[in-house]
Amino acid sequence: MNSPLPVPARLPLTRRRLLSATGALGLGALLTGCGADDDTARAGSGSADDAGKGGPWSFEDDRGRTAKADEPPRRIVAFISTAAALHDYGVECTGVFGPSEPIGGKPNPQAGDLDLTKLTSLGRAWGEFNIEKYAALRPDLLISNMFPPPDLWYVPAESVKKIEALAPSVGITGGRVSLRQPLTRYTELAQSLGADPTARKTVDAKARFDRAEKTLRAAAEAKKADGGLKVLAMTGDAEQMYVGVPDSYCDLNYFKDLGVEFVEGEKSDEFGFWEFLSWENADKYHADLIMVDNRSTALPAAELAKRPTWSRLPAVKADQITPWSMEERYSYAGYAPVLEQLAAAITKSRRLA
């Protein structure tokens, strides 16, 4: 996939910003001119307490590639929600890339509990990945999600060879699988990097997730017994509304397994994540509850409200809308509140037709 999920394959070229640091620099120049010694690069960037112990490290990712190092990587650079997931397990990153700016004055949900002041950002927008900054961090490992493999999310395809030449990379898939898969894989990855699976925070997060799963399943079953409740997941931009294809998204796929009834958007392009609708056709589907993309790249609520067809939707008029954390961090700590929120929204919503 070569564009952000809100508008796959239809972004205007103005959003495909040129990298700020590729220029005519060769790989050797980047490495020799990075300007940070090893001790400086390590400061504040270690993983869990046990990282670096136990000799050689390796991890096979969801592309079937095995990343290797003489010891568990410490200078880790990751996509923003990936770094947030690792943080939940006690594994800290040095640098991040991807959307991290506040939304409406509040912390970006994709950043989880990260302290962004302690992290180097290589770029926030699609197509922005500062290779010079990346090299200066002397990275041991690059990690990102995939929707689906083999492309690493927010790693520019035109620069991937230069980027991957600087450090091994790991990709975890978040498309066309159940949420259970990336949750398991990030747990495994974090443990390989030194995370303690018996840490109280980790154990409590998993227990909360398990309780939330039961609550969501019960809420979905109760609505089904009461005649059903149709849920639609969407995002939007100035030109179009995008209806999610549930089987393509790991969270929607998983929610379906728990009994949530979704509007099944039809695949509009080869990527198969969305059905593209003009705003004039926003009422194509009936929905009792609408999940609205909560990312900074999505059309905000104030702009949605300016579109008459949106305002006339039954679920909107009934105020039966809830945030969709469609790029939530893949950790149990990240997803437990998401399940709780959706369960609460389903419980309080009523069938509208």
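As shown above, the structure is provided for reference.
A brief structural summary. (Residues numbered from 1 in each chain as written. Predicted model: local features only at pLDDT ≥ 70, side-chain atom pairs only at ≥ 80, totals over all residues. Heavy atoms only, no water.)

To continue, consider helix α8 (residues 250-257). Counting buried positions along α8 gives six out of eight residues, so the element sits mostly inside the fold. Buried residues of α8: Cys-250, Asp-251, Leu-252, Asn-253, Tyr-254 and Phe-255, and no others. Phi turns positive, to about 105 degrees, at Gly-259, one or two residues after α8. (Buried < 20%, exposed > 50% of the residue type's maximum accessible area, 1.4 Å probe, protein only. Helix = DSSP H or I, 4+ residues; strand = E, 2+ residues; numbered from the N terminus.)

Further remarks concern the sheet that holds strand β6 (residues 141-146). Strand order in this open sheet of five strands is β5-β4-β3-β6-β7, and the pairing throughout is parallel. In this open sheet, the two edge strands, each paired with only one partner strand, are β5 (120-121) and β7 (169-173). Bridge count between strand β3 (residues 76-79) and strand β4 (residues 95-97): three bridges; the pairing is parallel. In the sheet register, Phe-79 faces β4, and the bridge partner there is Phe-97. (Pairing = 2+ DSSP bridges.)

To continue, consider the nonpolar core. Formed by 84 residues in total, the largest nonpolar core has its most connected members in Ile-143 and Phe-255. When residues in this core are grouped by element, the largest group, nine residues, is from helix α12 (residues 332-348). Setting aside residues no more than four positions away along its own chain, Ile-143 makes contact with Ile-76, Val-77, Ala-78, Phe-79, Thr-82, Leu-86, Phe-97, Val-170, Tyr-186, Leu-189 and Leu-193. Counting 18 residues, the second-largest nonpolar core is a separate cluster that includes Met-241, Val-263, Ala-282 and Tyr-285. (Core = buried A, V, L, I, M, F, W, Y, C linked by side-chain atoms within 4.5 Å. Contact = heavy atoms within 4.5 Å.)

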